[in-house]
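An overview of the molecular structure
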Amino acid sequence: MTTTPDTITAPAPAPDADQRAFELLARCRPAWTGMTTVREVLGEDRLLLHAGPPFSDPVIIPAPVLNSLALACVFEGWADDIEEGRRMVVSGEVPVGAAQDHDIVVPLAGAVSPSMALHVVHDLGPSDTDTDTDTDTDTDTATPTGSRRVRYAVLNEGQEYALRLGTADLRIVAHHRWLNGAFAEELTAALAAALEAGPVELYPLMSAALAEGDECHSRTLAGSRLVAARLREPASGTASPGPGLSERSTAFLDGAGAFALNLWMAAASLTLGAAEGVSDATLITRAGGNGKEFGVQLAGTPGRWFTTPATPPRGPVEPAHEGRRALGAVGDSAVVDVLGFGGQALEYAPTVRAALGEHLPEDAADRPARLLARPFAAGTGPGAPCASGGAGKYIGTSAARITAAGTGPMVLLGMIEGTGTHGRIGGGVFDTPVSLFQEAAAG
């Protein structure tokens, strides 16, 4: 029988430590509260970040990721061209680290540099659930009442000139100067006006997106439209929206079908991170790939990456790219799937499920019920019932549950061509190996 939101039965209770971790996770209320920059968050003027676990040596950075890091060097004015940027990265002249180790998420083969703009996502949940030790940072919007925990995400770049695709295209630099300049300034003003109508809570928007056929990772069309609409809502007590976006910015936002994904990534990272520091808990709190390795962190061992070789996602290759090979799993967007969306929410997205077809594992329909631990509860947090009226999604998983089930979460990822020449060649599913979670659970 195919599993649907209304037919999922509750899995067996988790051990005490994991149960406590899941309780913390379920009380998180992510809200988009402002914009800032990487420099303001990190206080660093010369540092680059990438998705997934850190590389053991910069010489092993795969071509698509290296291209993006090199272009970031050009964007920052440190290098005159891509080749010089590559040299600076590989030699260690410019330090490189894992974005999630700094509470930032970045999709696919993307890069993060000091001058880039960031979405700021805070937890509006009770502060007594806070187990993080995040440092306060200045942002363009005041921190709301609630937990002080925060996560950040880079801006979605649109479909044309994108670092996340891993190509060596200098036009990406010009696009990023506009994206992180004029567009970011307009977006900051529009968000500040939207916040006058109340918090921009993200789970209600994600719930509505599920009801419209998104699974909130591979397909984010409905979510991106909903986010854009929320930005245009009139402020409380007024009849008209706040500062509007320019014609160019409006066209970009309306054409960026994955704009919401970066916000969903920050929301997922923030939610999973609520459990960090719970002793002995095996809840997955961070996850991502760097093209060479795929890694996860557990609640009970914060800061420690457990890794496995990153194999390429399995999926249909676009006809124009037939015969080309994809890079190994890459991107921090895996946090969305680990939380319970993406590959664990395909029942909401029939078009995605149909597109992946035979590339999905045989047990794809039943796997979420075996892995996910808690149902959405009543309220406005991650437990908000799905807008479709279903019983609600299950969220969160742990290394213990995965080991007991004998199967890992499915992660939906873009397939980035491995030589860094052709960008995205398709979309697929990375079937995370159970051995990774067995090792993590064993400590």
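Not measured: the values here are computed from a predicted model.

**Focus on the overall build of the chain**
Looking only at helices and strands, one finds 14 helices and 16 strands in the chain. Out of the 443 residues in the chain, the part that is buried amounts to 60%. For the chain, contacts bridging at least 24 residues in sequence account for 74% of all contacts bridging at least 6.

**Focus on the pairing of strand 7 (residues 150-154)**
Counting buried residues along strand 7, five of its five residues qualify, which places the element largely inside the surrounding structure. Of the two faces of strand 7, the one lined by Val150, Tyr152 and Val154 and the one lined by Arg151 and Ala153 are each fully buried. Where strand 4 (residues 104-105) lies against strand 7, two bridges are found, and the strand directions are parallel. For Val105, the partnering residue across the bridge sits in strand 7 and is Ala153.

**A closer look at the side chain of Ser113**
Structurally, Ser113 can be placed in the loop between strand 5 (111-112) and strand 6 (117-123). Polar side-chain contacts of Ser113 include one of 2.7 Å to the side chain of Glu76. When neighbours within four sequence positions are excluded, Ser113 is seen to be in contact with Val38, Leu47, Leu48, Ala72, Phe75 and Glu76.

**Re the sheet that holds strand 4**
Pairing between the strands of a sheet comes from backbone hydrogen bonds, and it takes one of two forms, parallel or antiparallel. Spatial ordering of the open sheet is given by 4-7-6-1-8, a layout of five strands whose pairing is mixed. Unpaired on one side and paired on the other, strand 4 and strand 8 (200-201) mark the two borders of the sheet. Bridge analysis of strand 6 against strand 7 gives five bridges, and the strand direction is antiparallel. Across the sheet, the residue bridging to His119 is Ala153, located in strand 7.

**Description of unusual backbone geometry**
Unlike most non-glycine residues, Cys216 shows phi in positive territory, near 75°. The residue Cys216 is located in the loop between helix 6 (202-211) and helix 7 (221-231) in this model. Backbone geometry places Asp280, a non-glycine residue, at a positive phi of 70°. If you trace the backbone, Asp280 turns up in the loop between helix 9 (259-273) and strand 9 (284-290). Residue class for Asp280 comes out exposed when judged on its relative accessible area of 66%.

**What to know about empty space enclosed by the protein**
Counted under the stated rule, the structure contains two cavities of 30 Å³ or more. Considered as a void within the structure, the largest cavity measures approximately 50 Å³ in volume. Taken together, Val106, Pro107, Gly110, Ala111, Met116, Val154, Leu155, Glu157, Leu163, Arg164 and His176 make up the lining of the largest cavity. For the lining of the largest cavity, the per-class residue count stands at seven nonpolar, two polar and two charged. Lining the second largest cavity are Leu71, Ala72, Phe75, Met116, Leu163, Ile172, Val173 and His176. Of all elements in the fold, only helix 3 (63-76) and helix 5 (171-195) reach the threshold of two or more residues within the lining of the second largest cavity. Its residues assigned to classes, the lining of the second largest cavity shows seven nonpolar, one polar and no charged.

**Notes on the confidence of the model for the chain**
Residues at a pLDDT of 70 or more form 86% of the chain, whose mean pLDDT is 88. Low pLDDT, under 50, characterises residues 128-143; the predicted model gives this stretch 37 contacts beyond four residues in sequence or across chains. Low pLDDT (under 50) marks residues 377-391, which in the prediction has 38 contacts with non-local residues, meaning those over four places away or in another chain.

**Concerning the layout of surface pockets**
Space left empty within the atom packing is revealed by a probe, the size of a water molecule, rolled over the atoms. What the largest pocket holds in volume is close to 630 Å³. Contributing to the lining of the largest pocket are 26 residues, with His217, Ser218, Arg219, Gly414 and Arg424 lying nearest its centre. If you list the elements that add at least two residues to the lining of the largest pocket, you get helix 11 (350-356), strand 15 (410-416) and strand 16 (424-431). Take the lining of the largest pocket: its biggest share by element is four residues, from strand 16. Classifying every residue of the lining of the largest pocket gives twelve nonpolar, eleven polar and three charged.

**Here we look at a nonpolar patch on the surface**
A contiguous nonpolar patch, built from Val59, Ile60 and Val90 and spanning about 210 Å² of accessible area, is present on the exposed surface. Inspection of the secondary structure puts Ile60 in the loop between strand 2 (48-50) and helix 3.

**Topic: the sheet that holds strand 12 (residues 330-331)**
Strand order in the open sheet formed by four strands is 11-10-9-12, and the pairing between neighbours is antiparallel. Each edge of the open sheet carries a strand with a single partner, namely strand 11 (306-309) and strand 12. Pairing geometry for strand 9 and strand 10 (residues 293-298), over five bridges, is antiparallel. Directly across from Ile284, in strand 10, lies its bridge partner Leu298.

**Brief notes about the nonpolar core**
In this structure, Trp32, Leu202, Trp264 and Phe294 are the most contacted members of the largest nonpolar core, which totals 83 residues. With eleven residues, the single largest contributor to this core is helix 9. Excluding residues within four positions of it along the chain, Trp264 makes contact with Leu202, Leu205, Met206, Cys216, Thr220, Gly223, Val227 and Val336. Counting 44 residues, the second largest nonpolar core, distinct from the first, contains Val41, Phe55, Met116 and Ala162.

**What to know about the environment of Ile284**
Structurally, the position occupied by Ile284 is in strand 9. Residues within four places of Ile284 in sequence aside, it is in contact with Leu272, Val296, Gln297, Leu298, Val338, Thr397, Ser398, Ala399 and Phe437.

**Structural notes on the side chain of Glu76**
Within the secondary structure layout, Glu76 lies in helix 3. Excluding residues within four positions of it along the chain, Glu76 makes contact with Arg39, Ser113, Pro114, Ser115 and Met116.

What counts, and at which threshold
Every chain begins its residue count from 1, and numbering advances along the sequence as written. In keeping with the predicted nature of the model, local features appear solely for residues at pLDDT of at least 70, side-chain atom pairs appear and are counted solely at 80 or more, and the whole-chain, interface and lining totals rest on all residues. As a rule here, side-chain values come from all non-hydrogen atoms in the structure, and water together with hydrogens is ignored. To qualify as a helix, a DSSP run of H or I must reach at least 4 residues; to qualify as a strand, a run of E must reach at least 2; elements of each kind are numbered from the N terminus. In this scheme, a residue with accessible area under 20% of its type's maximum is buried, one over 50% is exposed, and one in between is partly exposed, where area comes from a 1.4 Å probe on protein chains only. Throughout, a contact is declared for two residues whenever any of their heavy atoms are within 4.5 Å. Pairing between two strands is assigned when DSSP locates at least 2 bridges connecting them. Under the rule applied, a polar contact is a pair of N or O atoms within 3.5 Å (in protein, one hydrogen donor and one hydrogen acceptor; residues adjacent in sequence only if both atoms are side-chain atoms). Note on definitions: the grid is 1 Å and covers protein atoms alone; a cavity is a set of points where a 1.4 Å probe fits but cannot get out; a pocket is an open set with protein on both sides within 12 Å along at least five of seven lines; lining residues have an atom within 4 Å of a point. Grid points are joined across faces, edges and corners, and a volume is the space filled by probe spheres set on the points. Gly is placed with the polar residues, together with every amino acid not listed as nonpolar (Ala, Val, Leu, Ile, Met, Phe, Trp, Tyr, Cys and Pro) or charged (Asp, Glu, Lys and Arg). Looking at any residue, its pLDDT shows the predictor's confidence there, from 0 to 100. Only residues whose relative accessible area exceeds 30% and that form no salt bridge are eligible for patches; like-charged ones are grouped when within 9 Å, while nonpolar side chains (Val, Leu, Ile, Met, Phe, Trp, Tyr) are grouped when within 5 Å. Each accessible area is a Shrake-Rupley result for a 1.4 Å probe, and residues are judged covered by the shown protein chains and nothing else. The working definition used for a salt bridge is a side-chain nitrogen of Lys or Arg within 4 Å of a carboxyl oxygen of Asp or Glu. Throughout, nonpolar core names a set of buried Ala, Val, Leu, Ile, Met, Phe, Trp, Tyr and Cys residues whose side chains join them through atoms within 4.5 Å.

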